[in-house]
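Listed below, chain by chain, are the residues.
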Amino acid sequence: MTMACTILLIEDNDQNRYLATFLLERHGHRVVSAVDGAHGIALAQTLTPDMVLLDIQLPVMDGYAVARALRAIPALAATPIVAVTSFAMIGDREKALDAGCAAYIEKPIDPETFVSQLETIARRAHAPEVQP
Ligand code: MN
């Protein structure tokens, strides 16, 4: 994300949403946020964001279900979804990747490295496959 990106943030926790938005906007990115999965999916369809940052622990519809729904939207087929997991559980990571997430990061997010982590994931997602 050397250029400004539009990032859809789906996060129900006010403090986490505020911090992630602050850090990304400080680096010149545009953040549009939703506090639940249904709203996030609706926004994704109109925005076609460059990346989705998806909290796994959401009310009503958890992040795995949201990821699967986003993956089913043709316009978002190549959009990286990054899961944000609260607990460093290997099972959660695998479930996030199985649901179609490109990567995951763990809470609490580290303000020093958060944006660069996401930029690395975005570059990897959009880079052409390098054949050995
Ligand atoms: Mn949450």
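If you're wondering where the values come from, they're calculated on a predicted model, not measured in any experiment.

Asker: Explain the overall build of the chain residue by residue, including any values.
Answerer: The secondary structure content of the chain amounts to five helices and five strands. Relative to the compact-globule value of 14 Å for 132 residues, the chain shows a C-alpha radius of gyration of 14 Å, a close match. Dimensions of the chain, computed from C-alpha atoms along their principal axes, come out at roughly 40 × 35 × 30 Å. For the chain, long-range pairs separated by at least 24 residues make up 62% of all intrachain contacts whose partners lie at least 6 apart in sequence.

Asker: Could you give an account of the coordination of the manganese ion, with specific residues and numbers?
Answerer: At 2.0 to 2.1 Å from the manganese ion lie its protein donor atoms, namely Asp-12 (OD), Asp-55 (OD) and Gln-57 (O). For the manganese ion, the donor residues sit on a single chain with the sequence spacing D-x42-D-x1-Q. For Asp-55, a relative accessible area of 2% translates into the label buried.

Asker: Before we move on, could you go through helix H5 (residues 114-126) and cite the residues and values that matter?
Answerer: With 13 residues, H5 ought to run about 18 Å at 1.5 Å a step, and its terminal C-alpha atoms sit 19 Å apart, in line with that. Packing partners of the buried residues in H5 comprise helix H1 (14-26), strand S3 (51-55), strand S4 (81-85) and strand S5 (103-106).

Asker: Which residues make up the packing of H1 against H5, and what are the values?
Answerer: One can describe the packing of H1 onto H5 by two numbers: an axis separation of 9 Å at closest approach and a directional angle of 70°. It follows from the interaxial angle that H1 and H5 lie roughly perpendicular. Counting all contacts with H1, which are made through Ala-20, Leu-23 and Leu-24, the residues of H5 involved are Phe-114, Val-115 and Leu-118. Residues belonging to the contact of H1 with H5 are distributed by class as follows: six nonpolar, no polar and no charged.

Asker: Describe in detail the environment of Thr-120, supporting the description with residues and values.
Answerer: Residue position: Thr-120 is located in helix H5. Take Thr-120: its relative accessible area is 39%, and that puts it in the partly exposed class. A polar contact of 2.9 Å, which involves the side chain of Thr-120, links it to the backbone oxygen of Ser-116.

Asker: Quick rundown of H1? Include the residues and the values.
Answerer: For an α-helix the count is 3.6 residues per turn, leaving residues at separations of three or four pointing the same way. The end-to-end C-alpha distance of H1, which contains 13 residues, comes to 18 Å, matching closely the 18 Å that a straight helix rising 1.5 Å per residue would cover. When we look at burial in H1, the residues that qualify are Arg-17, Ala-20, Thr-21, Leu-23 and Leu-24. Projected onto a plane normal to the axis of H1, the buried residues spread over an arc of 165° and lie on a single side. Residues of H1 that are exposed and point over 90 degrees away from its buried face: Asp-14, Gln-15, Tyr-18 and Arg-26. Turning to H1, the residues buried within the fold contact strand S1 (6-10), strand S2 (30-34), S3 and H5.

Asker: Please provide a residue-by-residue account of the sheet that holds S2, values included.
Answerer: Read across the open sheet, the five strands follow the order S2-S1-S3-S4-S5; overall the sheet is parallel. Of all strands in the sheet, those with a lone pairing partner are S2 and S5, marking the two edges. Adjacent strand axes in the sheet meet at a mean angle of 20°, parallel and antiparallel pairs treated alike. Against the sheet, helix H2 (residues 37-47) makes contact with S1 and S2, and its axis sits at roughly 140° relative to S2, the strand it touches most. With respect to the sheet, H5 is in contact with S3, S4 and S5, its orientation differing from that of S5 by roughly 175°.

Calculation rules
Residues numbered from 1 in each chain as written. Predicted model: local features only at pLDDT ≥ 70, side-chain atom pairs only at ≥ 80, totals over all residues. Heavy atoms only, no water. Helix = DSSP H or I, 4+ residues; strand = E, 2+ residues; numbered from the N terminus. Rg over C-alpha atoms; globule rule 2.2 N^0.38 Å. Contact = heavy atoms within 4.5 Å. Donors = N, O, S within 2.8 Å, 3.2 Å for Na, K, Ca; no water. Buried < 20%, exposed > 50% of the residue type's maximum accessible area, 1.4 Å probe, protein only. Expected span 1.5 Å × (residues − 1). Axes fitted to C-alpha atoms, helices over the stretch in contact; angles between N-to-C directions. Parallel < 35°, antiparallel > 145°, perpendicular 65-115°, else oblique. Nonpolar A, V, L, I, M, F, W, Y, C, P; charged D, E, K, R; others polar. Polar contact = N/O pair within 3.5 Å; in protein donor to acceptor, adjacent residues only side chain to side chain. Arc of directions from axis to C-beta. Pairing = 2+ DSSP bridges.

Bear in mind that shape data such as this cannot, by itself, settle questions of function.
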